[in-house]
Amino acid sequence: MSSPRGTALWMGTHLIVVYYGSNTVHKVQLSDQMVTHYQGDTVGGPGFTDGVHARFNQPECICADAAGNAFVSDVSNFAVRKIANDGVATVTTLAGTGATGSSDNVDSVLAQFGHPYGIAVDSASRVFVADHSNFAIRRVDVDGSVSTVFGTGVSGTFDGVGVLGQLTSLYSIALDDNGFLYMNTWGAASGIQVLDTATNRLTNFAGGSFGKNVGITVSGDGATFFLCGWDEKKVLAYGAPAPSAATARTSPTALPTLTWTAGTGVSGAVRGSRSVASFGRPYGLHLDTANERIVFADNEQHMIVTLTTGVATGGRANTLAGSGTAGSTPGVTLEAEFDEPTDVVVDANGVTYVGSAASAVVQSITASGTVQVLAGTGAAAYLEHATGTSAKFT
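Before going into details, it helps to say that this report is about the structure given with it. (Residues numbered from 1 in each chain as written. Predicted model: local features only at pLDDT ≥ 70, side-chain atom pairs only at ≥ 80, totals over all residues. Heavy atoms only, no water.)

### Re the overall build of the protein chain
Thought 1: Per the secondary structure count, the protein chain includes 0 helices and 31 strands.
Thought 2: Across the 394 residues of the protein chain, 57% fall into the buried class.
Thought 3: In the protein chain, of all internal contacts separated by at least 6 residues, the share reaching a separation of at least 24 is 42%.
Thought 4: Total accessible area on the protein chain is roughly 14,200 Å²; 53% of this is exposed by carbon and sulfur atoms. (Helix = DSSP H or I, 4+ residues; strand = E, 2+ residues; numbered from the N terminus. Buried < 20%, exposed > 50% of the residue type's maximum accessible area, 1.4 Å probe, protein only. Contact = heavy atoms within 4.5 Å. Areas by Shrake-Rupley, 256 points an atom, 1.4 Å probe, with all protein chains shown as cover.)

See below:
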């Protein structure tokens, strides 16, 4: 599938975008829409090489630390890659051998992963990875050592500490400022979990069949978090007392509780209160704290949707942009088109950036509602160092 997948804001000046199909990473300069090929050799197809002309194999998710280093889950290389903010974007394999496995090691290049998907980095530059096929959360420390912080490697739903606990399949993860990691596991025995990364204790605080979760976001203080139910066609909001750095969130009274659910569970594009609103397939989402709203991509309805975040009035749905027709035509709010949008990011100025899977473009929505193609022509191809709509992606 040739599409933009993971996106992240980088140093407040650029958007970094992972392209799963072309095995590349691009940067879009927000001030002038200049698109730069950041990493990923486009000659010879996928591969597994480091350096200034690195190769990836189906990169999926990306995040960045405060110093501007980017971290990529390289799914089919079974590895975590680092793109250094060193002026030449040197790529190193942070962890992984290129072969599937589940071994920890003090030497990162000897450690092995199953299929790394969700990825997050904390303030100490420790990288947390959702190891989908190993049913585990893995951590890569600054010294390169890799450890399993939770999971036995066998699918299950047992709370506990570290390698004594079990998880089912994982995709997205989110980390708050206090070191709590949030996740949703898939399948008939799925649930919603929170992991205290200081003690490696995980608590499963909501059970049931939630299906696939492809988007999760959390406030910095951990007081609220939200997730998209892809199969359920719903968005769920949870609230909890914000933990202090010295308090582990392990007692039931301190765990997040369901605040509200938006969506009827029937595919549609009805807007209004959370009890009547309907969606197609909610995908990536972003907590826009400044505007007290959630912004998410409705992959099936080709729309970008907002939900209010309050407790009493939370979950009220509005269409931020999108006509419901697949395409990439720019315009104002409901006149504009998206094509299977997958991820959204909102910057400090209230501008929303959208990666659309089928049209191979990155679009922006201004605070006033104007939609434009920020980068990409809508035709799958590769062209670096182009401005805005002259750039092409695969």
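### Some thoughts on the sheet that holds strand 10 (residues 127–131)
Thought 1: In spatial order, the strands read 9-10-11-12; together these 4 strands make up an open sheet with antiparallel pairing. The open sheet has two edge strands, strand 9 (116–121) and strand 12 (146–150), and neither has a second partner. Neighbour to neighbour, the strand axes of the sheet diverge by 30 degrees on average, direction disregarded.
Thought 2: As paired strands, strand 11 (residues 136–140) and strand 12 are joined by 4 bridges and run antiparallel to one another. Counted as the bridge partner of valine 140 is valine 146 from strand 12. (Pairing = 2+ DSSP bridges. Axes fitted to C-alpha atoms, helices over the stretch in contact; angles between N-to-C directions.)

### Let's talk about the pattern of salt bridges
Thought 1: Applying the stated criterion to the full structure yields 10 salt bridges.
Thought 2: The salt bridge partner of arginine 81 is aspartate 50, with a shortest N-O separation of 2.9 Å. Remark: aspartate 50 occurs in the loop between strand 4 (34–39) and strand 5 (59–64) and arginine 81 occurs in strand 7 (residues 79–83); sequence separation between them is 31 residues.
Thought 3: Between aspartate 122 and arginine 126 there is a salt bridge whose closest N-O contact spans 2.8 Å.
Thought 4: Residue arginine 126 is classed as partly exposed on the basis of its relative accessible area, which comes to 22%. (Salt bridge = Lys/Arg side-chain N within 4 Å of Asp/Glu carboxyl O.)

### Notes on the packing of aromatic side chains
Aromatic rings considered in pairs are described by the distance between their centres and by the relative angle of their planes.
Thought 1: Counted by the stated rule, this structure contains 7 aromatic pairs.
Thought 2: Their ring planes at 35 degrees and their centres at 5.1 Å tell us that tyrosine 117 and tyrosine 171 sit as a pair that is tilted. Taken together, the residues tyrosine 117 in strand 9 and tyrosine 171 in the loop between strand 13 (160–161) and strand 14 (173–175) connect sequence positions 54 residues apart. There is no split in this pair, since tyrosine 117 and tyrosine 171 are both buried.
Thought 3: Judged by centre distance (5.2 Å) and plane angle (80 degrees), the rings of tryptophan 230 and tyrosine 283 are edge-to-face. Linking tryptophan 230 in the loop between strand 19 (224–229) and strand 20 (234–239) with tyrosine 283 in strand 22 (residues 282–288), this pair joins segments that are 53 residues apart in sequence.
Thought 4: Note on tryptophan 230: relative accessible area 17%, which makes it buried.
Thought 5: Pairwise contacts between aromatic rings join Tyr182, Phe225 and Tyr238 into one cluster.
Thought 6: The ring of phenylalanine 56 carries the charged tip of arginine 81 above its face, separated from the ring centre by 4.9 Å. (Phe/Tyr/Trp six-rings, centres within 6.5 Å; stacked < 30°, edge-to-face > 60°. Lys NZ or Arg CZ within 6 Å of the ring centre and 35° of its normal.)

### Concerning the nonpolar core
Thought 1: Counting residues in each nonpolar core, the largest one holds 17 residues, and the members touching the most others are Phe71, Val80, Phe113, Ile119, Val127 and Val140.
Thought 2: When residues of this core are traced back to their parent elements, those giving at least two are strand 5, strand 8 (91–95), strand 9 and strand 10.
Thought 3: By residue number, the principal contributor to this core is strand 9, which donates 3 residues.
Thought 4: If sequence neighbours within four positions are ignored, valine 140 has contacts with Leu94, Ala95, Phe113, Ser125, Arg126, Val127, Ser145 and Val146.
Thought 5: Core analysis: the second largest hydrophobic core is formed by 16 residues, Ala237, Trp260, Met303 and Val305 among them. (Core = buried A, V, L, I, M, F, W, Y, C linked by side-chain atoms within 4.5 Å.)

### Thoughts on the pairing of strand 15 (residues 180–185)
Thought 1: Within strand 15, 6 of the 6 residues are buried, which leaves the element mostly enclosed by the surrounding structure.
Thought 2: Alternating positions in strand 15 separate into two faces, Phe180, Tyr182 and Asn184 on one and Leu181, Met183 and Thr185 on the other, with burial throughout.
Thought 3: One ladder, built from 3 bridges, connects strand 14 with strand 15; its direction is antiparallel. Looking across to strand 15, one finds that alanine 174 is bridged to tyrosine 182.
Thought 4: Between strand 14 and strand 15, which pair antiparallel in sequence order, lie 4 residues; one of them, glycine 179, sits at a positive phi of approximately 85 degrees.

### Details of the sheet that holds strand 6 (residues 70–74)
Thought 1: Strand order in the open sheet formed by 4 strands is 5-6-7-8, with antiparallel pairing between adjacent strands. Two strands bound the open sheet, and with one partner strand each, they are strand 5 and strand 8. For this sheet, the mean angle separating the axes of adjacent strands, direction not counted, is 30 degrees.
Thought 2: Bridge analysis of strand 5 against strand 6 gives 5 bridges, and the strand direction is antiparallel.

### What about the environment of methionine 303?
Thought 1: Its location among the elements puts methionine 303 in strand 24 (residues 303–308).
Thought 2: With a relative accessible area of 9%, methionine 303 lands in the buried category.
Thought 3: For the pair methionine 303 and glycine 280, spaced 23 residues apart in the sequence, the C-alpha separation amounts to 9.3 Å.
Thought 4: Once you skip the residues sitting within four places of it in the chain, methionine 303 turns out to touch Ala269, Arg271, Phe296, Ala297, Asp298, Thr319, Ala321, Gly322, Ser323, Gly324 and Pro341.

### Here we look at the environment of glycine 21
Thought 1: Relative to the helices and strands, glycine 21 resides in the loop between strand 2 (14–19) and strand 3 (24–29).
Thought 2: The exposure class assigned to glycine 21 is partly exposed, which follows from its relative accessible area of 32%.

### Remarks on the pairing of strand 27 (residues 341–346)
Thought 1: Of all the 6 residues making up strand 27, 6 are buried; the element is thus mostly covered by neighbouring parts of the structure.
Thought 2: When strand 27 meets strand 28 (residues 352–356), the two strands line up antiparallel, connected through 5 bridges. Among the inter-strand pairings, aspartate 343 is bridged to a residue of strand 28, identified as glycine 355.
Thought 3: Two successive antiparallel strands, strand 27 and strand 28, enclose a turn made up of 5 residues, where glycine 350 displays a positive phi of approximately 80 degrees.

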